[in-house]
Each structure stands twice: as C-alpha cells, then as structure tokens.
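Single-letter residue listing:
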Amino acid sequence: MADVDGDGTPDILYGEEGTSGQIRVLEAATGTEFISFDNPGDGVTSLVVADLNQDGSYEIGWGAGDSDSGPNNWYIVDAR
C-alpha cells in the first residue's frame, strides 16, 4: 500500500502473475482501479512506489521474469 496519486489516502498495488499480466492500482477506500500497466515480463517479484528519479513525482517499479526461464528484469513507469 502507498499513496500513489498523492491524495492523502492509501492505494493498493498488486501484480498479476503469468504472461502479459498487469500491474494494477486501486483506491483502498473504494476498490476502484485508477491505474494499470502491462507487465512485459512473466510474474511480479517486487513492487515499489517512490520518487526514483527525483523529479518530484512517484514512479512504480517492479521486478518480472521470475516465473520463466528467461532473464529477470526491473521495470519503472510514471505513476501518473
């Protein structure tokens, strides 16, 4: 959980397993999805929300590739 959209309330992040899964972000209070990203890898090993490039806005980062025999990768996208 993290305040991805900066509205002062927590949001729920999760990654779907399997090929072409999604990274999804929901409002914790309502369960309404407001962000989703395609996961180019298989599986999700970690999720982080932080200002990773220090530009004043949050990014979402995740590891993928753990559930197949290919490489493990780290992906980063803007949260907004």
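Computed from a prediction, not measured in an experiment: that's the story for all the values here.

Peer 1: How would you summarise the overall build of the chain if you had to cite specific residues and measurements?
Peer 2: A tally of regular secondary structure across the chain gives zero helices and six strands. Ordering the α and β elements of the chain from the N terminus gives β-β-β-β-β-β. Relative to a compact globule of 80 residues, whose C-alpha radius of gyration would be 12 Å, the chain shows 13 Å and is just as compact. If one aligns the C-alpha atoms of the chain with their principal axes, the spans along those axes are about 40 × 30 × 15 Å. Taking all 80 residues of the chain together, 32% fall into the buried category. When the accessible surface of the chain is split by element, carbon and sulfur atoms take 48% of a total near 4500 Å².

Peer 1: Got a sec to walk through the pairing of strand E5 (residues 59–64)? Specific residues and values, please.
Peer 2: Of all six residues in E5, six are buried, a share of seventy percent or more. Of the two faces of E5, the one lined by Glu 59, Gly 61 and Gly 63 and the one lined by Ile 60, Trp 62 and Ala 64 are each fully buried. Pairing geometry for strand E4 (residues 46–50) and E5, over five bridges, is antiparallel. Counted as the bridge partner of Val 49 is Ile 60 from E5. Inspection of the sheet shows E5 paired to strand E6 (residues 73–78) by six bridges, in the antiparallel sense. Its bridge partner lying in E6, Gly 63 is registered against Trp 74.

Peer 1: Please give an account of the nonpolar core that cites residues and values.
Peer 2: Ranked by size, the top nonpolar core spans twelve residues in total: Ala 2, Val 4, Leu 13, Ile 23, Val 25, Ile 35, Phe 37, Val 44, Ile 60, Trp 62, Ala 64 and Ala 79. For this core, the secondary-structure elements that each account for two or more residues are strand E2 (22–27), strand E3 (33–38) and E5. The greatest single-element share of this core, amounting to three residues, is contributed by E5. Beyond its immediate stretch of four places on either side in the chain, Ile 35 contacts Val 4, Ile 23, Arg 24, Val 25 and Ala 79.

Peer 1: An account of the environment of Ser 46 is requested, with residue identities and associated values reported.
Peer 2: Relative to the helices and strands, Ser 46 is located in strand E4. Considering only alpha carbons, one finds Ser 46 and Gly 63, 17 residues apart in sequence, at a separation of 5.3 Å. When residues no more than four places from it in sequence are discounted, the contact partners of Ser 46 are Gly 61, Trp 62, Gly 63 and Trp 74.

Reading the values: rules and limits
- Residues numbered from 1 in each chain as written.
- Predicted model: local features only at pLDDT ≥ 70, side-chain atom pairs only at ≥ 80, totals over all residues.
- Heavy atoms only, no water.
- Helix = DSSP H or I, 4+ residues; strand = E, 2+ residues; numbered from the N terminus.
- Rg over C-alpha atoms; globule rule 2.2 N^0.38 Å.
- Buried < 20%, exposed > 50% of the residue type's maximum accessible area, 1.4 Å probe, protein only.
- Areas by Shrake-Rupley, 256 points an atom, 1.4 Å probe, with all protein chains shown as cover.
- Pairing = 2+ DSSP bridges.
- Core = buried A, V, L, I, M, F, W, Y, C linked by side-chain atoms within 4.5 Å.
- Contact = heavy atoms within 4.5 Å.

By themselves, these observations are geometric and do not establish any function.
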